[in-house]
Amino acid sequence: MRSVVVGGGVAGLAAAVQLAADGATVLLIESRDTLGGRVRLRDSGNWLLDPGLHLLRRKGPLNQLLRKLRAPRVLGPKWAHGDMLEIGGDGKFAMTALTTMSLDSEVTNKPDQLVIPRGGWSSLVGRLIVAANQLDVMFEIGKSVESLSLGMDGRIRSANIAGNDIECDAIILAVPPVESARLLETAGLDASSLRQCTEHRVAALDVALEGKPMRPYSGLFEPESGILALDVTADDRIPEGADASECTILHAVCLKGDGDAALEGIKELLDSRCSGWRSMAAARRSTTSIMLHPCSRDERVDGNIFIENSIGMAGCHVESKHYLSDAAVDTARAAAKALKPHR
Ligand SMILES: Cc1cc2nc3c(=O)[nH]c(=O)nc-3n(C[C@H](O)[C@H](O)[C@H](O)COP(=O)(O)OP(=O)(O)OC[C@H]3O[C@@H](n4cnc5c(N)ncnc54)[C@H](O)[C@@H]3O)c2cc1C
C-alpha cells in the first residue's frame, strides 16, 4: 500500500504518522524547503520567539498524539489564564477567544487548560518529524505536487511530483483549501465546496521584552478591537542568564482582521496598557497579514467527500469539533483511518 501525503505542516505530519503506524508505505511531499507548515520559526537571536501565540491544549488531539508517540517533555508551564484581563468585558469571552482564536465561537464553559510548549512550536513539530522518521516515512522536501490522476475505477492512481508521476493507492491532501481544490480539479473532481472557503487573516506582533510591562496580568483581551496579547514567558525562551520574572515573551494578534491599521491597533493597545514596551524590545517581528483560519467554522468541508476516490483531506478547513492545530491533527488522523478500508 503506497500512500502520498501532500503538505508537511502539522496536519500532513500527523497524517503521515498515522498512515505509517497503520502499516502503509508513506511518502510526504512538502513544497517548501522546510517541514512545519505555515508557521515557521525565524531567527530571533537568543530569544525563542514563536510565530504567534501557539499554546497547546492539554487534552487536545495534538497533545494526545504526542503522548501516544511518547514524545518526551512536551509540556512546559501552564499558561496562567486566571490572570488575564478582559478589557471592557466580564471575562466570559477571553478564554474562548484564546482557545479558538476567533470571535464568533460559542462560549465554552470549561475550556481546556492551555500549556506553553517546551522548546516552542518548532520543537513540537520536530517531535512529529522524529516519529515519522522512526516509522520510515519518506520525505520529498522542496518539491510540489502539481496534479493528480485517477484510474479507470475512479480511485487515485498517481500524483505528479515536480514533473514525475508517482503511483499511489491513497492520498491525503493536507494543504489549504485553495490548493486542495486546485489539485482535485486537475483530476477532474468537483471541488466547489473548497472554493467557497474564505480565509481569516490577522495582523500579529511577536516581541521579546527586557521587562514586565504587562504585570500583573498574563494576558489582555479587548473584545471591541478583537486584540489578544499574551505573556508566554518560559525559562527556555529567554537568553541564558536572564531572569524569566524580569522578561516577557509577548504575542499579540488582532482577531478582527489584518492590514496596517490592525497592526497599529495592537501597538496602541500595548502603548496604553504596557507602558514603555517599545523601549524594552530586544527582538521583534510583526506581520500585517497572516492566515489564521483557512475558512470560517460553517464553511468547513466533509473530509470524506472524496474517500471513494481514495483521497482524504486534512486541515483546519475540514469538519472537526476542534480548532487550530488540534483540528489539523484530528482531521489528519481521521483521514488516515478512513482510507484504511479503501487501500
Ligand atoms: C498567528 C498564529 C497563531 C496561532 N496560534 C495557535 C495556537 O495558539 N494554538 C494552536 O493550536 N494553533 C495556533 N495556530 C494555528 C496553527 O499554526 C495551524 O493550525 C497549523 O499550523 C496548521 O497546520 P496545517 O498542516 O493544517 O497547514 P499548513 O501549516 O498551512 O501546512 C500546509 C503545508 O503544505 C505545503 N504545500 C502547499 N501546497 C503544496 C503542494 N502543492 N505540494 C506540496 N506541499 C504543499 C505548504 O508549504 C505547507 O507547509 C496559530 C496560527 C497563527 C497564524
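Residues numbered from 1 in each chain as written. Predicted model: local features only at pLDDT ≥ 70, side-chain atom pairs only at ≥ 80, totals over all residues.

## Points about the site of the ligand
Part 1 of the reasoning: Not every one of the 35 residues close to the ligand is listed here, only the nearest: Gly-7, Gly-9, Gly-37, Gly-52 and Ser-325.
Part 2 of the reasoning: Elements that contribute at least two residues to the shell around the ligand include exactly α1 (10-21), β2 (25-30), β16 (281-293) and α9 (324-339).
Part 3 of the reasoning: The biggest single contributor to the shell around the ligand is α9, with four residues.
Part 4 of the reasoning: Among the residues making up the shell around the ligand, the classes are represented as 19 nonpolar, 11 polar and five charged. (Near = placed C-beta within 6 Å. Helix = DSSP H or I, 4+ residues; strand = E, 2+ residues; numbered from the N terminus. Nonpolar A, V, L, I, M, F, W, Y, C, P; charged D, E, K, R; others polar.)

## Examining the domain arrangement of the protein
Interface size is commonly expressed as the accessible surface area that is lost when the partners come together.
Part 1 of the reasoning: According to the domain assignment, the protein contains domain 1 (2-38 + 125-197 + 297-342) and domain 2 (75-117 + 200-293).
Part 2 of the reasoning: Residue-level contacts link five residues of domain 1 with six residues of domain 2. (Domains from an automatic or database assignment. Contact = placed C-beta atoms within 7 Å.)

## So, the environment of Ile-249
Part 1 of the reasoning: Take Ile-249: it is sitting in strand β15 (residues 248-254).
Part 2 of the reasoning: On the neighbour-count criterion, Ile-249 (24 C-beta atoms within 10 Å) is buried.
Part 3 of the reasoning: It is 30 Å that separates the C-alpha atoms of Ile-249 and Gly-7, two residues lying 242 residues apart in sequence.
Part 4 of the reasoning: Sequence-distant contacts of Ile-249, defined by excluding residues within four places in its chain, comprise Trp-47, Leu-49, Ala-208, Val-232, Thr-233 and Arg-237. (Buried ≥ 20, exposed ≤ 12 C-beta atoms within 10 Å, placed from the backbone.)

## Describing the sheet that holds strand β3 (residues 56-57)
Part 1 of the reasoning: Spatial ordering of the open sheet is given by β3-β6-β4, a layout of three strands whose pairing is antiparallel. Unpaired on one side and paired on the other, β3 and β4 (75-78) mark the two borders of the sheet.
Part 2 of the reasoning: Relative to strand β6 (residues 114-117), β4 is paired through two bridges, and the arrangement is antiparallel. From the neighbouring strand, Leu-75 faces β6, where its bridge partner is Pro-117. (Pairing = 2+ DSSP bridges.)

## Details of the sheet that holds strand β7 (residues 138-141)
Part 1 of the reasoning: The five strands lie next to each other as β7-β2-β1-β11-β17, forming an open sheet whose pairing is parallel. Two strands bound the open sheet, and with one partner strand each, they are β7 and β17 (311-313). If you compare each strand with its neighbour and ignore which way they point, the axes differ by 20 degrees on average.
Part 2 of the reasoning: Lying on the sheet, α9 is in contact with β11 (170-173) and β17; it crosses β17 at an angle near 160 degrees. (Axes fitted to C-alpha atoms, helices over the stretch in contact; angles between N-to-C directions.)

## Details of the pairing of β6
Part 1 of the reasoning: Sheet topology places β3 next to β6; two bridges connect them, and they run antiparallel. Note on β6: the bridge partner recorded for Arg-57 is Leu-114.

## A short note on the nonpolar core
Part 1 of the reasoning: The biggest cluster of nonpolar side chains holds 108 residues, and the ones touching the most others in it are Ala-14, Ala-15, Ala-16 and Ile-171.
Part 2 of the reasoning: A domain split of this core shows at least three residues from each of domain 1 (2-38 + 125-197 + 297-342) and domain 2 (75-117 + 200-293).
Part 3 of the reasoning: Among all residues touching Ala-14, those that are not within four sequence positions of it are Leu-65, Leu-128, Ala-328, Val-329, Ala-332 and Arg-333. (Core = buried A, V, L, I, M, F, W, Y, C linked by C-beta atoms within 7 Å.)

## Observations concerning the pairing of β2
Part 1 of the reasoning: The element β2 is extensively covered by neighbouring structure, given that five of its six residues are classed as buried.
Part 2 of the reasoning: Bridge analysis of strand β1 (residues 2-6) against β2 gives five bridges, and the strand direction is parallel. From the neighbouring strand, Ser-3 faces β2, where its bridge partner is Val-26.
Part 3 of the reasoning: A crossover connection joins β1 to the parallel β2 through α1; in handedness this β-α-β unit is right-handed. (Right-handed = clockwise from strand over helix to strand, strands pointing away.)

## What to know about the environment of Thr-25
Part 1 of the reasoning: Mapped onto the elements, Thr-25 comes out in strand β2.
Part 2 of the reasoning: Taking C-alpha positions, Thr-25 is 12 Å from Ala-15, a pair spaced 10 residues apart along the chain.

## Looking at the packing of α1 against α9
Part 1 of the reasoning: Where α1 meets α9, the axes come as close as 8 Å, and the angle between the chain directions of the two elements is 35 degrees. Judged by the twist between their axes, the crossing of α1 over α9 is right-handed. For the pair α1 and α9, the contacting residues are Val-10, Ala-11, Ala-14, Ala-15, Gln-18 and Leu-19 in the first and Ser-325, Ala-328, Val-329, Thr-331, Ala-332, Arg-333, Ala-335 and Ala-336 in the second. (Left-handed = near helix turned anticlockwise from the far one by under 90°.)

## Focus on α9
Part 1 of the reasoning: Its 16 residues place the ends of α9 23 Å apart at the C-alpha level, agreeing with the 22 Å of an ideal helix rising 1.5 Å per residue.
Part 2 of the reasoning: Burial within α9 is extensive, with 14 of its 16 residues counted as buried. (Expected span 1.5 Å × (residues − 1).)

## Quick word on the environment of Gly-142
Part 1 of the reasoning: Structurally, the position occupied by Gly-142 is in the loop between β7 and β8 (145-150).
Part 2 of the reasoning: Look at Gly-142 and you get exposed, because 12 C-beta atoms sit within 10 Å.
Part 3 of the reasoning: In this structure, the C-alpha to C-alpha distance between Gly-142 and Pro-117, residues 25 residues apart in sequence, is 27 Å.

## Some details on helix α5 (residues 177-186)
Part 1 of the reasoning: By the burial criterion, the buried members of α5 are Pro-177, Ser-180, Ala-181, Leu-183 and Leu-184. Here the buried residues of α5 occupy an arc of 165 degrees about the axis, which is enough to place them on one side.
Part 2 of the reasoning: Residues of α5 that are buried make contact with β1, β8, β11, α6 (192-195) and β17.
Part 3 of the reasoning: Looking one or two places after α5, you find Gly-188, whose phi comes out positive at around 80 degrees. (Arc of directions from axis to C-beta.)

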